[in-house]
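An overview of the molecular structure
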Amino acid sequence: MPRQSSPQSSPQPSPQWSRQPSGRSSGRSRPQTHPVDELLPLPRLALYGFQHVLAFYAAAVIVPVLLGNALGLSRQELVHLISADLLTCGVASIVQALGVWRIGAKLPLVQGVTFTAVSPMIAIGTGAGGGTAGLLVVYGAVITAGIATFLFAPLFSRLVKYFPPVVIGTILTIIGITLIPVALQDAAGGAHLIGTPAYGDPKNLAYAAGTLLFILTLVRIGRPFLSSLAVLLGLVVGTAAAWLFGDTDFAVVRETDWFGVTTPFHYGMPRFELLPIAAMLVVVLITMVETTGDVYAIGEITGKKVDADTVARALRADGAATVLGGVLNSFPYVAFAENIGLVRMSKVMSRYVVVAAGVFMVVLGLLPKAGSLVASVPHPVLGGAAISMFGIVAAVGIQILGKADLREERNTLILAVSLGAALLPTTVGPFFDRMPDGLRAVLDSGITLGALTAIALNLLFNVFTSRGTMEIDWDDIGEEGPAAPRFGAPAR
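Below is a summary of the structure that appears in this document. (Residues numbered from 1 in each chain as written. Predicted model: local features only at pLDDT ≥ 70, side-chain atom pairs only at ≥ 80, totals over all residues. Heavy atoms only, no water.)

**So, the overall build of the protein chain**
Within the protein chain one finds 20 helices and two strands. Expressed as a percentage of the 492 residues in the protein chain, the buried residues total 57%. Of the contacts made within the protein chain by residues no fewer than 6 positions apart, 84% connect residues no fewer than 24 positions apart. Just so you have it, the protein chain exposes about 19600 Å², and 64% of that area is on carbon and sulfur atoms. (Helix = DSSP H or I, 4+ residues; strand = E, 2+ residues; numbered from the N terminus. Buried < 20%, exposed > 50% of the residue type's maximum accessible area, 1.4 Å probe, protein only. Contact = heavy atoms within 4.5 Å. Areas by Shrake-Rupley, 256 points an atom, 1.4 Å probe, with all protein chains shown as cover.)

**Quick word on the side chain of T173**
Residue placement: T173 occurs in helix α5 (residues 165-187). On the basis of relative accessibility, which here comes to 5%, the residue T173 falls in the buried class. A distance of 3.4 Å separates a polar atom in the side chain of T173 from the backbone nitrogen of I398. (Polar contact = N/O pair within 3.5 Å; in protein donor to acceptor, adjacent residues only side chain to side chain.)

**Here we look at the nonpolar core**
Across soluble globular proteins, nonpolar side chains show a tendency to be buried alongside one another. By size, the foremost hydrophobic cluster in this structure holds 105 residues, and its most contacted members are L107, M121, L135, I171, I175, M280 and F331. Ranked by residues supplied to this core, first place goes to helix α10 (residues 274-302) with 13 residues. Not counting chain neighbours up to four residues away, the residues in contact with F331 comprise P64, L67, L81, V113, M121, L135, V138, Y139, V142, T322 and G325. Judged by nonpolar contacts, the second largest core, of five residues, contains L40, V348, V353 and A356. (Core = buried A, V, L, I, M, F, W, Y, C linked by side-chain atoms within 4.5 Å.)

**Section: unusual backbone geometry**
Of note in the backbone geometry, F265 takes a positive phi value of approximately 50° without being a glycine. By the secondary structure assignment, F265 is in the loop between α9 (251-255) and α10. The exposure class assigned to F265 is partly exposed, which follows from its relative accessible area of 28%. With a phi close to 70°, N329 is a non-glycine residue in the positive phi region. For N329, the position within the fold is in the loop between α11 (308-327) and β2 (333-335).

**Regarding the packing of α5 against α10**
At a closest axis distance of 11 Å, the pairing of α5 and α10 adopts a crossing angle of 115°. Accordingly, the angle class assigned to the pair α5 and α10 is roughly perpendicular. Considering the relative orientation of α5 and α10, their crossing is left-handed. Residues I168, I171, L172 and I175 of α5 form the contact with α10, whose own contacting residues are I286, V289 and E290. Grouping the amino acids of the contact of α5 with α10 by side-chain chemistry returns six nonpolar, no polar and one charged. (Axes fitted to C-alpha atoms, helices over the stretch in contact; angles between N-to-C directions. Parallel < 35°, antiparallel > 145°, perpendicular 65-115°, else oblique. Left-handed = near helix turned anticlockwise from the far one by under 90°. Nonpolar A, V, L, I, M, F, W, Y, C, P; charged D, E, K, R; others polar.)

**Some points on helix α16 (residues 409-427)**
The terminal C-alpha atoms of α16, which comprises 19 residues, lie 26 Å apart, in line with the 27 Å expected from a rise of 1.5 Å per residue. Listing the buried residues of α16 in full gives N411, I414, L415, S418, A421, A422 and P425. Projected down its long axis, α16 shows its buried positions confined to an angular sector of 135°, all on one face. Opposite its buried face, α16 presents the exposed residues E409 and T427, each directed more than 90 degrees away. (Expected span 1.5 Å × (residues − 1). Arc of directions from axis to C-beta.)

Shown next as structure tokens:
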């Protein structure tokens, strides 16, 4: 059986940061600044902050691209989504790292749009008719879920023990497995080509396979820093190849303004509908668990003490960022695991580096040309990169499942039945087509249905019984789990 532990009993801070520099007298005691709170010189802040942006950028912009393509948005509307996302990411990261009132963990955590929300948002948006009309329903659900996250944060920080490895691992595995078909659809040319001869054209598959092969090659032969940029470089090289063969153009980049400000409710006032809101509440329930894991992981890496109050402040930042995202035409936010891995690899622990990264992201969000450049990435190239990122999410889930005792029949049933529920919407679509649109928004998403099943079965088997509850071993997850992927998508 995996050893039991409580999130509240976080590891003691590492003594390394408080040692006296060699060659200096230790006779005079002086307070030491923890590396997390160290303010580095401006050139180093800028360099390390930009490195975080590079590690973050590809995964950050893929969510609005995937959603925009699925809802049939125009290229200009897609550019606006990307700019809004980058601007909100920057503000959210600054608040999370710097701390404002009781919002923000004051740890080097970069905030980004969660992958957990992709499939449910596509279901909500398409169920509402697609296009900008679908976005309005999505934003109503996002704003409501953000408010709920903010208010529920203190209580949730004390309920983490009810989400053991079998639940977390199952949910992450489901997220990866259900998102991989989205990537494969883009690899074939994109959902907009379904039913045409161009869908599944060998040329599209060649672009996708070439992009994926380039990423894998960089990871295989590259140094750690180069590996952390593998997805971004794969997108650049794949797009360049498509441009050379005349399969993409940058006309929209030339036509886009250099400077632009994202206005609140750009597409109109949000629509608040009950069942889409319920679906998004499930999404943020999952992301709250993910953020909790990320907070304890970064505490383990930096040697900074983490307690329930730290978790609550991190979750409030998630909630505030999600509300801001709904207002500024973006989406739900969570801590990005690959940037935690970058902290671990670089050993640069200052939270002010993340503040610098946030400033860079705000600037990029005010430059629509940057968003239009990303919107020009061909679907097959995007699909090839997304296969690697979504696959990593599933792999991290499987890794965490290794911490659960799957020889125990109840745990095995939680995993088995949840996987079956998650595959139901993608394999028996007509079953959900006969349901009302509002109910489809909740159930016609493998992530939502699978996660609800895992949580409900764990409550049935492990909580509402006399049987002891297995808690998450955050120490082990911090050392071996989602805190240190070398490249790819965040574990969300």
